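Survey of secondary and tertiary structure
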Amino acid sequence: MLRAVIVLLIALLAGVYIAGKWISPRPRPDLRYVNSSDVHTLDPARMSWTQDLRLALNLWETLYACDPRTLKPVSAAAEFPPEISADGLTWTFRLREDGRWSDGAPVTAADFVRGWRRLIEPGTAADYAFFVTDYVEGAAQYASWRSEAVGVLTVLSRLAEGWSINEEQASVLATAECAEIVRRAYAEAMGNVAEPEALSGARIARAVLAWGELHRRVFEAHAAELDARFARVGLEAVDDQTLIVRFRRPCPFFADLAAFPVLAPMHPSVEEHRERWRGAPLTREGLVVYDSRWTRPVKTSDGAARPVTNGPYRLIEWRFKRSVRLEVNPHHRDASQIACRSVEAAVFADANSALLAYEAGEVDFIPTVEVSYDHAIFRLAESGDRPDFQPTPLAATSFFNFNCADAEVDGRANPFVDARVRRAFSLALDREAIARHVLQRGDRPARTFIPPGTLPGYDTPEGIPFDPEGGRRLLEEAGYPQGRGLPVIDVLFNTSGAHPVVSQAIARQWETHLGARVELRGKESKAFAEDKARRRFMISQANWYADYNDPTTFLDVLATGNGNNDSGYASAEFDALLAQAGTADDPEARMRLLKEAEATAVVRDAAILPVFHYTSVIAVREGVEGLHPNSRLWFPFSGVTVRR
Amino acid sequence: MTESLKDAMVLRGRRPSRLPGSGRAAIAVLALMTLAAAALWPWSAAWYDVQEIDSAVRRAPSWKPAGNEEAFLARLSREPVAFRASWITQTLAGARSLLGHDDLGRSLLFRLALGMLVSLVIAAGATATATVIGTAWGAAAGLCGGRVDQILMRIVDVLYGLPYILLVILMKVALTRPLTALLGGRTRYADLVILFLAIGSVAWLTMARVVRGQVLSLKHEGFVQAARAMGAGPWWILRKHLLPPLAGPVIVYATLTVPQAVLQEAFLSFLGIGVQPPLPSLGRLAADGVSAISPFSGYWWLLAFPCATLVALLLALSGLGDGLRRRFDPANRHPSLLG
């Protein structure tokens, strides 16, 4: 017995030793940086997280690139600037002839149309679909026609499978445009032409007929119409090198949008990963769905690698929750000049351990240091002792949403439906003290929503001042002298980062200056997001980061019905100003209108309570050059040089 | 028989009538801490949230007070207890920087004083809840016996099996809204009540088992049998013969529950499901202290003082519990019965 145990132990030790020899250490990449969490997706059309977009902008090349020093668009896949028609509605992009996919094939205008078409498909559920649907002519109509058809086909496929449907689902069958197809298919399937008016959705649902047959006919009719419908969208690949985009309203900042990775082109080989049904590249519900494995790095037998990308880098390896590795795309036009040949994005879920890894020299770069003691990091950076810590003002704002919409929250009257109360609370906040004394990390006090000076050409309106006396007066006007009569104010905040401290400071100021009684409700991120989405708050903490260089990236958030408008602010005046700016020809007049819009929503109506504009510390190891700190944390790696 | 009886009679005089030394020391420390926290209450309740953000953010401990005294005194005048002019108030306001300031410039001294009180109140509330439920439940199970005993104790077993954190979170979710509405939106008081109900509702399980065991063994003692033979009813027996000898173990166990409850409160607040800021508790203060410690900054006082207080409090409470256990231990009282 004992001998058996000893033999086993020795075998085990030998095994461990051999395994240790066999697993060689991983080759060190030229640049290793910190990804704060694992990649959510590497499908550019579905991205919305900063760390995903950072990888995408290095993997794919969009029409233009964003220069990390100036944040202005420069030539990338297409020559900058585009040819713009006199009315500003038709833009012609000329693609550069030396654009190559990582398999060596040339990048064509049709690849861009393919990528953008995918963005607006209902099956993609892209957060940034509005980049196309809001501006490109016919795109919104195409998208709504498609989602309607998907609705009808979903109901029909359920019926075909023998499920029953309810009245509401049945009514989908009678909706405007698709009803015509259903009606025709129904008539054909039944062999007679029923009188169209009497054919309500409910009646179709009750009718006994071969649902499978009807579903098939509608599906085929829809699939046959697909391309003809898309031809009405203002996207046209005239030839391999020319892409014409027609807008439905002037979009002077589209060159900025065109540098955003969600508008990446798509290689034809990706189409192989599409789900098909009955010969058409749609699912039986009519959705365009791609097998998500198309973004998994795979080396095929003929030496080609997928996914095929056209950026300076290609994807080599993706280890779940550990790292993503990129290497230079050998076919890229600048391939020979790129000094940084390989990049690894290492996942560090905990910011403290990421910083420790950086201190130990394991990583070269932290895009944003987010530790609980970041004021200490900032002080080090300021003192000059650590030139590798670079404080960078961001185009991002930390603010609080007032609940402008619900008269009652949790059974208590919500005073913030009154704009005077909101303004009073906004006036009674000493933002300077919070930014300078509490945070102590270089954040700028925010008196407006849009960080001044971060968006070229935009002149920030006069922000909301610190005026507790004025706040008290307004509160008295609204019927709450010295805060009497106010219910207990409920403030919801996210318990991560500096939010708890900032929320406590704000609560104290309101108690001191306005005599309000404030209760704080800290929740961890998920529970917080749920309460925020259901608008279960009077005041709730929030952040917004600029996506592109135009004031609308902030102001659209406050538009009535916008998906990100958590405050429920709805002002016809503000919406009208945004709409006017949308159709203004003169860029200066447009900026003036946007300025007025911001002043209306943020200063006069106080829909939100801006607190501070973020400053982030970026850590770049000495010897790594070419990572230019900028307000959007936009880091292309192709210009980086690394010296060890 | 005669030997042991003689032993018992001789030893009776030798039984320890006082607490052992460690227990006495524990009581002294505990009394000192509790009294200090309680005595400071009028000031700590007024001052725990005075934020001197322009002068005292993250200031190290020092004899010299930081910031302006005005903010402190102005805050007091609005409270119901107006000590404004007294020399105690002046002295205390002058001592506010003794333990340093936190990241909102609040005095750690007063936050710690109030935090300890909050933790103790939660622990006392939880212990009272646990004692009442546990004693009633255990006594009922032990006295009734048979099927009732089976059912009652199986419920205890099932509750024992459930994860403790899950129970607390469930209670919090279920009770927060109605309690907050009841208290007119003051979530910070609702949190306190929920915390001691939640901790108490978990701590009673062991108490129920201990009491049931005691009742079962007492039931078969000669004096209970004799009382029953003389025609005494169950209530009379409970009152005269069962509850008095139960008092010892119950008190001992309750005393040992207090430090557990303090620790659990600290743990829950550390996880963020305890009291809400700005109200301090020992756990929350320690959690804030942990996040302030880093290789780049040395705000040691934010972690050291809350943790030291927590450790001292826990040691004192366990020492007291242990002392009481020995004081009431039947082995000390009737050694011969065991011999």
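Conventions and cut-offs
Residue positions within a chain follow its written sequence, with the count starting from 1. Chain letters start at A and ligand numbers start at 1, both assigned in the order the entries are written. Whole-chain, interface and lining totals are the exception, using all residues; otherwise, since this is a predicted model, local features are given only for residues with pLDDT of at least 70 and side-chain atom pairs are given and counted only at 80 or more. Put simply, DSSP H or I for four residues or longer makes a helix, DSSP E for two residues or longer makes a strand, and each gets a number counted from the N terminus. Note that the radius of gyration is over C-alpha atoms, with the globule rule given as 2.2 Å times the number of residues to the power 0.38. Contacts here follow a simple rule: the backbone-placed C-beta atoms of the two residues must lie within 7 Å. One less than the residue count of a helix, multiplied by 1.5 Å, gives the span that helix is expected to have. For the exposure call, what matters is how many other C-beta atoms sit within 10 Å of a residue's own: 20 or more marks it buried, 12 or fewer exposed, and in between partly exposed, using C-beta atoms placed from the backbone. All residues other than Ala, Val, Leu, Ile, Met, Phe, Trp, Tyr, Cys, Pro, Asp, Glu, Lys and Arg, Gly among them, are scored as polar; the first ten of these are nonpolar and the last four charged. Linking buried Ala, Val, Leu, Ile, Met, Phe, Trp, Tyr and Cys residues through C-beta atoms within 7 Å yields a set, and such a set is a nonpolar core. Pairing between strands requires that DSSP locate at least two bridges from one strand to the other. To get an axis, a line is fitted to the C-alpha atoms, and for a helix only the part in contact is used. The angle between two axes follows their N-to-C directions and goes from 0 to 180 degrees. If an angle is under 35 degrees, it is roughly parallel; if it is over 145, roughly antiparallel; if it lies from 65 to 115, roughly perpendicular; otherwise it is oblique. In this scheme the crossing of two helices becomes right-handed for a clockwise turn of the near helix relative to the far one and left-handed for an anticlockwise turn of less than a right angle. The handedness of a crossover follows from its direction of travel: if, with the strands pointing away from the viewer, the path from the first strand over the helix to the second runs clockwise, the crossover is right-handed. Domain start and stop positions are those given by an automatic or database domain assignment.

**Some points on the overall build of chain A**
Each helix and strand in chain A was counted, giving 20 helices and 23 strands. The globule rule puts the C-alpha radius of gyration for 644 residues at 26 Å, and the 28 Å found for chain A is close to it. Projecting the C-alpha coordinates of chain A onto the three principal axes gives extents of approximately 80 × 80 × 75 Å. Here the analysis covers contacts within chain A between residues at least 6 apart in sequence; of these, 69% occur between residues at least 24 apart.

**Some points on helix H20 (residues 587–604) of chain A**
All names here are of chain A. The terminal C-alpha atoms of H20, which comprises 18 residues, lie 24 Å apart, in line with the 26 Å expected from a rise of 1.5 Å per residue. Within the sequence span of H20, burial applies to Arg 590, Leu 593, Leu 594, Lys 595, Ala 597, Glu 598, Thr 600, Ala 601 and Val 602. Turning to H20, the residues buried within the fold contact helix H18 (552–555), helix H19 (572–583) and strand E21 (608–620). Directly beyond the C-terminal end of H20, a positive phi value near 45° is found at Ala 606.

**Side note on unusual backbone geometry**
With an omega of 0°, the peptide bond running from Phe80(A) to Pro81(A) counts as cis. Its place among the elements puts Pro81(A) in the loop between strand E3 (73–75) and strand E4 (83–84). Here Pro277(B) and Pro278(B) are connected by a cis peptide whose omega angle stands at 5°. Along the chain, the position of Pro278(B) falls in the loop between helix H11 (234–271) and helix H12 (282–292). Positive phi, normally seen in glycine, also occurs at Gln440(A), with a value near 50°. The residue Gln440(A) is located in the loop between helix H14 (431–439) and strand E17 (444–445) in this model.

**As for the interface of chain A and chain B**
At the junction of the two partners, chain A supplies 25 residues and chain B supplies 22 residues. Those elements giving two or more residues to the side of chain A that touches chain B turn out to be helix H12 (374–383), H14, helix H16 (499–514) and strand E19 (518–523) of chain A. Here the side of chain A that touches chain B takes five residues from H16(A), the largest share from any one element. For the side of chain A that touches chain B, the class distribution of residues is 13 nonpolar, six polar and six charged.

**A word on the nonpolar core**
Counting residues in each nonpolar core, the largest one holds 258 residues, and the members touching the most others are Val262(A) and Ile366(A). Broken down by element, this core gets its largest block of residues, 17 residues, from helix H6 (residues 108–144) of chain B. Not counting residues within four places of it along the chain, the set of residues in contact with Ile366(A) comprises Tyr33(A), Val34(A), Ala354(A), Leu355(A), Tyr358(A), Ile618(A) and Ala619(A).

**A word on the sheet that holds strand E5 (residues 90–94) of chain A**
All names here are of chain A. Strand order in the open sheet formed by four strands is E4-E5-E7-E6, with antiparallel pairing between adjacent strands. This sheet does not close on itself; its edge strands, each paired only once, are E4 and strand E6 (235–239). Each of E6 and strand E7 (242–246) touches helix H3 (residues 109–119); the most contacted strand, E6, lies at about 165° to it.

**Here we look at the packing of H11(B) against H12(B)**
In a packed pair of helices, the relevant descriptors are the angle between the two axes and the axis-to-axis distance. Residue and element names in this part refer to chain B. Running from amino to carboxyl end, H11 crosses H12 at an angle of 45°, the nearest separation of the two axes being 7 Å. When the interaxial angle is binned, H11 and H12 end up oblique. In this structure, the crossing between H11 and H12 has a hand that is right-handed. Across from Val 262, Glu 265, Ala 266, Phe 267, Leu 268, Ser 269 and Phe 270 in H11, the residues of H12 making contact are Leu 282, Gly 283, Arg 284, Ala 286 and Ala 287. When the residues that make up the contact of H11 with H12 are grouped by side-chain class, the tally is eight nonpolar, two polar and two charged.

**Remarks on the pairing of E19(A)**
Residues and elements named next belong to chain A. Extensive coverage of E19 is indicated by the burial of five of its six residues. Both strand E18 (residues 489–494) and E19 contribute to a ladder of six bridges, which runs parallel. In the sheet register, Asn 494 faces E19, and the bridge partner there is Lys 523. Between the parallel pair E18 and E19, the chain is carried across by H16, and the sense of this crossover is right-handed.

**Some remarks on the domain arrangement of chain B**
Residue and element names in this part refer to chain B. Along its sequence, chain B is carved into domain 1 (43–48 + 62–98) and domain 2 (105–331). Its C-alpha centre places domain 1 at a distance of 34 Å from the equivalent point of domain 2. Counting residues at the interface gives 10 residues for domain 1 and nine residues for domain 2. Split into classes, the residues belonging to the side of domain 1 that touches domain 2 amount to six nonpolar, three polar and one charged.

**Thoughts on the environment of Arg521(A)**
Residue placement: Arg521(A) occurs in strand E19. Discounting chain neighbours no more than four positions away, the residues touching Arg521(A) are Asp490(A), Val491(A), Leu492(A), Thr187(B) and Gln276(B).

**Things to note about the pairing of strand E11 (residues 323–328) of chain A**
Residues and elements named next belong to chain A. Bridge count for strand E10 (residues 313–319) against E11 is six bridges, and the pairing is antiparallel. Within E11, the residue paired with Arg 319 across the bridge is Ser 323. Here E10 folds back onto E11, and the loop between the two strands holds three residues, one of which, Lys 321, carries a positive phi near 60°. The sheet contact formed by E11 and strand E12 (residues 342–347) spans five bridges and is antiparallel. Within E12, the residue paired with Val 324 across the bridge is Ala 345.

**Topic: the packing of H11(B) against helix H13 (residues 300–328) of chain B**
Residues and elements named next belong to chain B. Running from N to C, H11 and H13 cross one another at 165°; their axes reach a closest spacing of 8 Å. When the axis of H11 is compared with that of H13, the two are roughly antiparallel. Crossing angle aside, the handedness with which H11 passes H13 is left-handed. Only Leu 310, Leu 313, Leu 314, Leu 317, Ser 318, Leu 320, Gly 321, Leu 324, Arg 325 and Phe 328 of H13 make contact with H11, whose side of the interface consists of Gly 248, Pro 249, Ile 251, Val 252, Thr 255, Leu 256, Val 258, Pro 259, Val 262, Leu 263 and Ala 266. Split by residue class, the contact of H11 with H13 holds 16 nonpolar, four polar and one charged.

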